[in-house]
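# Observations on chain architecture
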Amino acid sequence: MRRLPGWRALAGQLAVGLCAALPGLPALAAPQLDLTVRLEPAQGNLSAQALIALPAHEAIDLRIDARHRITSMQLDGGALRASTEGGLQRIRIAASSQPRRLELRWAIRADAPDAAASHRDTLTAFAPQIGEAGSFLPAGGAWYPLPFDGAGPLLHRYRLTVDLPAAQHALAPGDRLSDTVRDGRRTVRFDMTHDSEGADLMAGPWVEAERSVRSIDGRRLTLATLFHPDIADQAAGYLDVAASHLARIEQTLGAYPYSRFTIASSPTPTGFGMASLTYLGIDVLRLPFIRHTSLPHEILHNWWGNGVYLALAGGNWSEGLTTFMADYALREAKEGDDGARAMRLDWLRGLSALSPAAQGSLSSFGGRTHDASQSIGYHKAALVFVMLRDTLGATAFDSALRDFWQMHRHRRAGWQDIRAAFERASGRDLGRHFALWVDGSGLAAPVISEAVAGPGGLTVTLQQPAPPYPLEVPLHVRVAGATRVEQVALHAAQARVTLPLTADCAELALDPDFRLARRLAPGEAPPVLREATLDDALGLTVLPGDERLSAAARTLTKKWLDRAPTVIDAAQPPGRASRMVIGSFAGIDGWLARHHLPARDRDGEVVAWALRAPAGGTLALVAARDALALEKATRALPHYGQQGWVTLTGGRAASRGQWPAATAWTTVCVR
């Protein structure tokens, strides 16, 4: 899930006093904003005013989207003008010996949200959306004047008052001070008392439900849902699960940093997390697994990303850490070692499918914009934390995370701050580890280059290409049916270790539990659809026949793939490159037979499955009963890339699964 706001720049922090324009707020290091908004969803309009307390002795640069109409602006009662550049109106305030007060009024016109938008469409969309089905004004879109100094965006605190029709509710990060209805209008007041990245504003025709729970530090917390009427009956279930996840995370990291947590529904296929809330699409919330997957992920973001903010230079660490502590930890707890192993394998399948050119570094990952970036910023980063825990031990690992949280809450932090926390907890120098895994790109590729059994024991040589990663390689040794795991330090290009041998033969497997961020060897695991779709050299074959089905196939690939594939003629046999083949059942069955490939063994209105070609390439095959069935499946299919196969009926998955990965053992005997 994506967190907001999405603007990226060098982070800055001011250490100055506060103007008295907003009585009752404590002196802080950044401007204080008092925002008042009148929202008219039916007309697509918003009018707003801001009173901004500007600290003394510092120059401030306020930025608001150039599409918004500023109607008045005064600095300490005198007229002021904005300049326009780069799509922003910029209001530059020179340093002054005294605190100052800026008054600003502006108006916004915006389109209603597009319910037909895809999830991918929403990943980089920051323009305001205003409509009766829902309104969304992300801070990253500069719907109000965002404060910057010479170094970059400033953390700031705000008060926000929203006036809107009584049938609508409003939501923003922070404490909700009041929610009152009078004369057909609703007035909602929010107060962000911590330094924050910005005020994201949402509204909708929601039904509200609340639950009071006690935090680990004794405070009363409010859990709430703001759901559209057609999913309001799911509120109780979401509140039950949210309370459970919140309590679990508090036990690990400490008290929840806000007073409320709200789950709100969006008319678009949205997946956003902000401080004290998450904003999820209606259809997303209907999915039964979301409360056990996306919901805990978004709750944990209140510690990582929306509690400790990103140092906007140096990469987004929060998605990987949240994936590790939410998605992965829950899989470990629920399904044990086998479930956790399956998740690690899924991560490595996606990462191994990326070409070297697509293997970006964690320090350059800003946020998810497509499937490839998710593989790096979420999954590779999570594997880095898996390896850190394996290397340092759970006690030092957990201590480092608690230390990191306490030291940086409501402040910006980066990968180097994470490194420092782990070094303090472990007493180890982790400079090389972070330089290669965070600043470097790519994956490790360790192999067993030689294994010799003799009277002196079993001598195993491990190798890896340059640059050599600092690896603790889990080498599984099976002798007479009993397996032990040897951790072999491979910090250079080569390492040799001699192990005791109690029989004439032994079987070896390198990291069969997939605990290293490494490139999978060819044939090491059965294919999944994502292996093909993530390959930037993917070819596409749309089998001839029904033109409407062919058009549906082209629409599917535009929504599924990150880039336009190379078109390949159906007569060309599959080779070493990845390839997607789409057609009717008869067309796909005939194509498989012509190229001597295994026949389709599943039925449904649409069947998609991955297959390894004899030459080594991964095939993503999509067979449809007819064009209508494929059209209905277009929105759902891209969400099943981690599956080896999926069948769909009425546009929804009817069955899905992966083929199990079997460990490939190498047998070594005394000569």
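Just so it is clear, the structure is predicted and the values come from calculations on it, not from any experiment. (Residues numbered from 1 in each chain as written. Predicted model: local features only at pLDDT ≥ 70, side-chain atom pairs only at ≥ 80, totals over all residues. Heavy atoms only, no water.)

Attention shifts here to the overall build of the chain. Counting secondary structure elements, the chain contains 13 helices and 37 strands. Over its C-alpha atoms the chain spans a radius of gyration of 27 Å, differing by no more than 12% from the 26 Å that the globule rule assigns to 671 residues. Dimensions of the chain along its principal axes, counting C-alpha atoms only, are 90 × 65 × 45 Å. The buried share of the chain, taken over its 671 residues, is 57%. For the chain, the exposed area adds up to about 26,300 Å²; of that, 51% sits on carbon and sulfur atoms. Across the chain, the centroid of the 70 positively charged side chains sits 1 Å from that of the 66 negatively charged ones. (Helix = DSSP H or I, 4+ residues; strand = E, 2+ residues; numbered from the N terminus. Rg over C-alpha atoms; globule rule 2.2 N^0.38 Å. Buried < 20%, exposed > 50% of the residue type's maximum accessible area, 1.4 Å probe, protein only. Areas by Shrake-Rupley, 256 points an atom, 1.4 Å probe, with all protein chains shown as cover. Lys, Arg positive; Asp, Glu negative; His and termini not counted. Charge placed at Lys NZ, Arg CZ, Asp CG, Glu CD.)

A few words on the environment of Ala-420. Topologically, Ala-420 is positioned in helix 8 (residues 415-426). Using a relative accessible area of 24% as the deciding quantity, one classes Ala-420 as partly exposed. C-alpha of Ala-420 to C-alpha of Leu-295: the two residues are 125 residues apart in sequence and 30 Å apart in space.

With that settled, the discussion passes to the nonpolar core. Within soluble globular proteins, side chains that are nonpolar generally end up buried alongside one another. Formed by 146 residues in total, the largest nonpolar core has its most connected members in Leu-46, Trp-106, Trp-143, Leu-160, Trp-303, Trp-304 and Phe-422. When residues no more than four places from it in sequence are discounted, the contact partners of Leu-46 are Val-37, Arg-38, Leu-39, Trp-106, Ala-107, Ile-108, Ile-130, Leu-137, Trp-143 and Leu-201. (Core = buried A, V, L, I, M, F, W, Y, C linked by side-chain atoms within 4.5 Å. Contact = heavy atoms within 4.5 Å.)

Before going further, it helps to examine helix 12 (residues 585-594). Taken together, the buried positions of helix 12 are occupied by Phe-585, Ile-588, Trp-591 and Leu-592. Looking straight down helix 12, one finds that the buried residues subtend no more than 135 degrees of arc, so they occupy a single side. Opposite the buried face of helix 12, at more than 90 degrees from it, the exposed residues are Ala-586, Ala-593 and Arg-594. On its buried face, helix 12 sits against strand 32 (579-584), strand 33 (606-612) and strand 34 (618-624). (Arc of directions from axis to C-beta.)

As a further point, take the sheet that holds strand 16 (residues 201-204). Sheet strands pair via backbone hydrogen bonds, and the direction of the pair is either parallel or antiparallel. Taken in spatial order, the three strands line up as 10-16-13 in an open sheet, and their pairing is antiparallel. Two strands close off the open sheet at either side, each with one partner strand: strand 10 (135-137) and strand 13 (169-171). Between one strand axis and the next, the sheet turns by 10 degrees as a mean value, whatever way the strands run. Sheet topology places strand 13 next to strand 16; three bridges connect them, and they run antiparallel. What sits directly across from Ala-170, in strand 16, is Ala-203. (Pairing = 2+ DSSP bridges. Axes fitted to C-alpha atoms, helices over the stretch in contact; angles between N-to-C directions.)

On the basis of which strands lie adjacent, the open sheet formed by four strands has the order 7-8-4-11 and antiparallel pairing. Two strands close off the open sheet at either side, each with one partner strand: strand 7 (83-85) and strand 11 (146-148). Here the average twist between neighbouring strands, direction ignored, is 35 degrees. Bridge analysis of strand 4 (residues 60-65) against strand 8 (residues 88-93) gives six bridges, and the strand direction is antiparallel. The partner of Ile-64 across the bridge, within strand 8, is Gln-89.

Attention now moves to the pattern of salt bridges. Within this structure, the stated rule accounts for 46 salt bridges. Taking the shortest distance from any N to any O, the salt bridge between Asp-65 and Arg-67 comes out at 2.8 Å. According to the relative accessible area criterion, Asp-65 is buried, its value standing at 8%. Of the charged contacts in the structure, one is a salt bridge between Asp-240 and Arg-211, with a shortest N-O distance of 2.8 Å. A residue pair is termed long-range when its members are at least 10 positions apart, and Asp-240 in helix 2 (residues 235-253) and Arg-211 in strand 17 (residues 207-214) qualify at 29 residues. (Salt bridge = Lys/Arg side-chain N within 4 Å of Asp/Glu carboxyl O.)

Once that is clear, we can look at unusual backbone geometry. For the peptide bond that leads from Ala-466 to Pro-467, omega is -5 degrees, which places it in the cis range. On the secondary structure map, Pro-467 appears in the loop between strand 25 (457-463) and strand 26 (471-479). Residue Asp-183 is not a glycine yet carries a positive backbone phi of 55 degrees. As for its placement among the helices and strands, Asp-183 is situated in the loop between strand 14 (175-182) and strand 15 (185-196). Phi angles above zero are rare outside glycine, and Ser-276 is one such case at about 75 degrees.

Time to look at the side chain of His-169. Residue position: His-169 is located in strand 13. A distance of 3.2 Å separates a polar atom in the side chain of His-169 from the backbone oxygen of Trp-206. (Polar contact = N/O pair within 3.5 Å; in protein donor to acceptor, adjacent residues only side chain to side chain.)

The next subject is the environment of Leu-529. Tracing the backbone shows Leu-529 in helix 10 (residues 529-533). Residue classification places Leu-529 among the buried residues on the basis of a relative accessible area of 0%. Sequence spacing of Leu-529 and Tyr-328 is 201 residues, and the spatial spacing of their C-alpha atoms is 21 Å. Residue contacts for Leu-529: discarding those within four places in its chain leaves Trp-560, Ala-608, Trp-609, Ala-610, Ala-620, Tyr-640, Gly-641, Gln-643 and Val-646.

This part is about the confidence of the model for the chain. Low pLDDT means the predicted coordinates in that region are not meant to be read closely. For the chain, mean pLDDT is 91; residues scoring 70 or higher make up 94% of the total. Long-range and interchain partners of residues 1-29, a stretch whose pLDDT sits below 50, account for 118 contacts in this model, where long-range means more than four residues apart. (pLDDT = per-residue confidence, 0-100.)

Bringing the pairing of strand 5 (residues 69-75) into the picture now. With six bridges joining them, strand 5 and strand 9 (residues 100-109) adopt antiparallel strand pairing. In the strand pairing of strand 9, Ile-70 is matched with Trp-106. Taking the residues that link successive antiparallel strands as the turn, the strand 5-strand 6 (residues 78-79) hairpin has two residues, and the phi of Asp-76 there is positive, at about 50 degrees.

According to the stated counting rule, one finds 20 aromatic pairs in the structure shown. Here the aromatic rings of Trp-304 and Phe-404 are separated by 5.5 Å at their centres, their planes lie at 35 degrees, and the arrangement is tilted. Of this pair, Trp-304 sits in the loop between helix 4 (294-300) and strand 22 (309-310) while Phe-404 sits in helix 7 (residues 394-408), and the two are 100 residues apart along the sequence. Here Trp-304 matches Phe-404 in class, with each residue buried. (Phe/Tyr/Trp six-rings, centres within 6.5 Å; stacked < 30°, edge-to-face > 60°.)

Counted at 1.5 Å a residue, the expected span for helix 5 (residues 318-353) with its 36 residues is 52 Å, but the 24 Å between its end C-alpha atoms falls short. Maximal helix bending in helix 5 amounts to about 140 degrees, located at Glu-335. (Expected span 1.5 Å × (residues − 1). Bend = angle between axes of the 7 residues up to and from the residue.)

Take the side chain of His-245 next. Within the secondary structure, His-245 is located in helix 2. Looking at His-245, the relative accessible area reads 7%, which means it is buried. Those residues in contact with His-245, other than ones at most four positions away along the chain, are Arg-291, His-292, Pro-296, Ile-299 and Leu-330.

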